[in-house]
Amino acid sequence: MAASRESVQVNESKPSQSVIGSSLTPQQTIILQKQAQVLLFPFVVKKNKQGQIMSPQNLSEDNSNDEEKPKVKRKHRELGTPAIKAMFPKEEYSQTEPSVVIPRNTKNVLSLSNEMQSNQDGDGEENETADMDGSTELSAYEKKRLKNISENAEFFASLHLVETRLPPGPLEMIPENQTSENEMFKGVLQMWMKISQPRKKISKQLSNKKSYEASLTGMVISEETVCKVTRSRIYSMAIHPSETRTLVAAGDKLGQVGLWDLAQQPREDGIFTFTLHSQVVSCLNFSPANPAHLLSLSYDGTLRCGDFTRAVFEEVYRNEERSFSYFDFLADDASTLIVGHWDAGVAIVDRRTPGTSYEQFFNSNMSLIRTLQVHPVNRHYFIAAGARDVHIYDLRHLRPKGMKPLISLTEHMKSLASAYFSPVTGNRVVTTCADDNLRVFDTSCLSSKVPLLTRVRHNNNTGRWLTRFRAVWDPKQEDCFIVGSMARPRSIDVFHESGELVHAFMDEECLASVCSINVMHPTQNILAGGNSSGRIHVFKA
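Within every chain, residues take consecutive numbers counted from 1 along the sequence as written. Only residues with pLDDT of at least 70 are given local features in this predicted model, and only at 80 or more are side-chain atom pairs given and counted; all residues enter the totals for whole chains, interfaces and linings. Side-chain descriptors were evaluated using all non-hydrogen atoms of the structure, hydrogens and water having been removed beforehand.

Secondary structure elements are defined from DSSP: runs of H or I of at least 4 residues count as helices, runs of E of at least 2 residues count as strands, and each element is numbered from the N terminus. Helices and strands together make up the secondary structure of the protein chain, namely 5 helices and 33 strands. Residue burial in the protein chain is summarised as follows: out of 541 residues, 55% are buried. Summing over all exposed atoms, the protein chain offers an accessible surface of approximately 24,300 Å²; the carbon and sulfur share of this is 50%. Relative accessibility thresholds used throughout: buried, under 20% of the residue-type maximum; exposed, over 50%; partly exposed, between the two (1.4 Å probe, protein chains only). Surface accessibility follows the Shrake-Rupley procedure with a 1.4 Å probe radius. Residue values consider only the protein chains on display as shielding.

Let's shift gears to the nonpolar core. Joining through side-chain atoms within 4.5 Å is the link that ties buried Ala, Val, Leu, Ile, Met, Phe, Trp, Tyr and Cys residues into a set, and such a set is a nonpolar core. The biggest cluster of nonpolar side chains holds 49 residues, and the ones touching the most others in it are L303, F327, V339 and F505. By definition, residues are in contact when any of their heavy atoms lie within 4.5 Å. Look past the residues within four positions of F327 in its chain and what remains in contact with it is C283, N285, L295, L297, L303, L337, I338, V339 and L372. Grouped together as the second largest cluster of nonpolar side chains are 22 residues, L171, W192, I195 and V257 included.

Residue placement: T431 occurs in strand β24 (residues 428-433). Judged by relative accessible area, T431 falls into the buried class, the value being 0%. At 2.9 Å, the side chain of T431 forms a polar contact with the side chain of H412. Beyond its immediate chain neighbours, meaning those up to four positions away, T431 contacts V390, H412, L416, S418, A419, N437, L438, R439 and F441. Side-chain atoms alone can form a polar contact between residues adjacent in sequence; in general such a contact is a pair of N or O atoms within 3.5 Å, and within protein one must be able to donate a hydrogen while the other accepts it.

A few words now on the sheet that holds strand β18 (residues 358-363). Here, a strand pair is defined by DSSP locating no fewer than two bridges between the strands. Ordered by their spatial adjacency, 4 strands build an open sheet running β15-β16-β17-β18, and the pairing between neighbours is antiparallel. Looking at strand neighbours, the two that pair on one side only are β15 (324-329) and β18, the edges of this open sheet. Mean inter-strand twist for the sheet, computed between neighbouring axes without regard to direction, equals 20°. Pairing of strand β17 (residues 345-350) with β18, which is carried by 6 bridges, proceeds in the antiparallel orientation. Bridged to I348 within β18 is Q360. Structural elements are reduced to axes, namely lines fitted to C-alpha atoms, with helices fitted over the stretch in contact, and the angle between N-to-C directions of any two is expressed from 0 to 180 degrees.

Further remarks concern the packing of aromatic side chains. For this analysis, a ring pair means two rings from Phe, Tyr or Trp (six-membered ring only for Trp) whose centres lie within 6.5 Å, classed as stacked if their planes differ by under 30 degrees, edge-to-face if by over 60, and tilted for the remaining angles. Counted by the stated rule, this structure contains 14 aromatic pairs. Ring geometry for F185 against W192: centres 6.2 Å apart, planes inclined by 85°, an arrangement best described as edge-to-face. When its relative accessible area of 0% is taken as the criterion, W192 is described as buried. Where F185 meets F272, the ring centres are 5.0 Å apart and the plane angle is 45°; that geometry is what we call tilted. Separated by 87 residues along the polypeptide, F185 in helix α4 (residues 183-195) and F272 in strand β10 (residues 271-275) bring together distant segments of the chain. A relative accessible area of 6% places F185 in the buried class. An aromatic cluster is defined as three or more aromatic residues linked by ring pairs; in this entry it consists of F185, W192, F272, F274, F308 and F313. A positively charged side chain is recorded as over a ring if its NZ (Lys) or CZ (Arg) lies within 6 Å of the ring centre. The angle to the ring normal must also be within 35 degrees. Its guanidinium or amino end placed over the ring of W465, R464 lies 4.5 Å from that ring's centre, counting from NZ or CZ.

Attention now moves to unusual backbone geometry. P266 follows Q265 through a cis peptide bond whose omega is 0°. Topologically, P266 is positioned in the loop between β9 (256-261) and β10. The amide bond that connects R488 to the next residue, P489, takes the cis arrangement and shows omega of -5°. Structurally, P489 can be placed in the loop between β28 (480-484) and β29 (491-496). In this structure, A311 is a non-glycine residue whose phi angle is positive, near 55°. A311 gets classed as partly exposed once you look at its relative accessible area, which sits at 26%.

Within β10, 5 of the 5 residues are buried, which leaves it mostly tucked inside the rest of the structure. Along β10, one buried face is formed by I271, T273 and T275 and the opposite face, lined by F272 and F274, is buried too. Bridge analysis of β9 against β10 gives 5 bridges, and the strand direction is antiparallel. Paired with G258 across the two strands is T273, which belongs to β10.

The subject of this paragraph is the sheet that holds β29. Backbone-to-backbone hydrogen bonds pair the strands of a sheet. The strands run either parallel or antiparallel. The 4 strands lie next to each other as β27-β28-β29-β30, forming an open sheet whose pairing is antiparallel. The open sheet terminates on both sides in strands that have one partner only, identified here as β27 (472-473) and β30 (501-506). Alignment of β28 against β29, held across 5 bridges, turns out to be antiparallel. In the sheet register, V483 faces β29, and the bridge partner there is D493.

The subject of this paragraph is a negative patch on the surface. Each patch is built from salt-bridge-free residues with over 30% relative accessible area, joining like charges within 9 Å and nonpolar side chains (Val, Leu, Ile, Met, Phe, Trp, Tyr) within 5 Å. Take a side-chain nitrogen of Lys or Arg and a carboxyl oxygen of Asp or Glu: if they are within 4 Å of each other, that pair is a salt bridge. Think of it this way: Lys and Arg go in the positive column, Asp and Glu in the negative one, and His and the chain ends go nowhere. Lys charges are placed at NZ, Arg charges at CZ, Asp charges at CG and Glu charges at CD. A surface patch of negative charge is lined by E223, E224, E268, E508 and E509. For E223, the position within the fold is in the loop between α5 (209-217) and β6 (226-228). The exposed category is assigned to E223, whose relative accessible area is 58%.

Below, the structure is given as structure tokens:
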């Protein structure tokens, strides 16, 4: 080994009281280098009361209804990191057990972890027991082995031994799953440019419940409208507003954004993937002013805009000192944005500033912000879902050192996943909570007291392997919202604001997994649901 290469030597020593298990080998030396592969057996690490390293199981544990938390931004440790004592569980592995290759960077580690989870959980499900091709059931030993490998991979990712960050500035729109000389993608880009011409706003009219229900009944799914689009668990989705071509975008746990053009056949030819971020892509939106722009926001503190007309992903806003959680368009022309942070801060971002976006930052009185949304009519109001409270703020009265809410909705008993205004008037708000309730509030009059209209009992216990449910309004129907379901057979449910189940999208052959993230087309009868293995299911009329 060259003397100029930095390395950290970790020697296993005799087990201490804080380590449970017995070593299969008396002594083992692990060399971790910047560009070297590390060959390791799966192991279990325990932590004592004095704060030694946690086990992979505990490191990955969280509130069973909580989504993936943003990674803590920290500098890499200097050389001389204290020794990590690793012991092998004797009941699980023999000395002939093949080693696990830990990938060279965090993203690949997480990719390995996700692949193991998919194999273990069966297409992202929590209790499935299918092998890699889904043909036979795994033995108890194999399931436990895959689980251990998955947890160990997550553990190494949490150590941040080597962590990528994408470079600042624009990225070329070159699909990772296509060659740069692919003429088909160039043709697809030209098509996307044509269908993305700005159009005049169409006035939305509320259908009566009976005709609306009939329109949903006519929407069906087939094998051709189901496809794996991203490498990992889906956290965000958006549908292009075109009325002539179906284009669905999805953001995943590893920072990848996938685009699916359903007009391309075979299906795989219509999938285009891009790694735009280094952490979870928690929010995706096509610009309401220019549908040729797709904006993506990530926990990693970056917000990018994919421009189909120039085949580039521009950097709109970057603040790596903070973790972003959600964003919305503040102005009708999409020139200004409001960005929520996990530390409960809110930033107003002006995209018209040359060179870099202008940022105005405010601190809220919440502990965190998961989602936020601007009122569809009175755009100086916005709603934010926090840990257990929902707050409505007036932008005209924000102060940099403290934001006082105009209204607070405090009826939630456990952690919140989301809160959204109804799409046309904003007269309703639907919230999704871990206390197994969907709530609808009357926000037609934004006074100090907002009445609760409906409480719908709904199993929101998605567990740790599935993305949390977020009930969202149908943009075409002011009084109905869509949410995933834990019920079997699997379904995507549509509820009226009164709590009545209007329709359940089901198909035992084509919809066999939980779709946590769902989005409706703004004008067409098209529904897209994303699951925790990167697969999208589309129902169309």
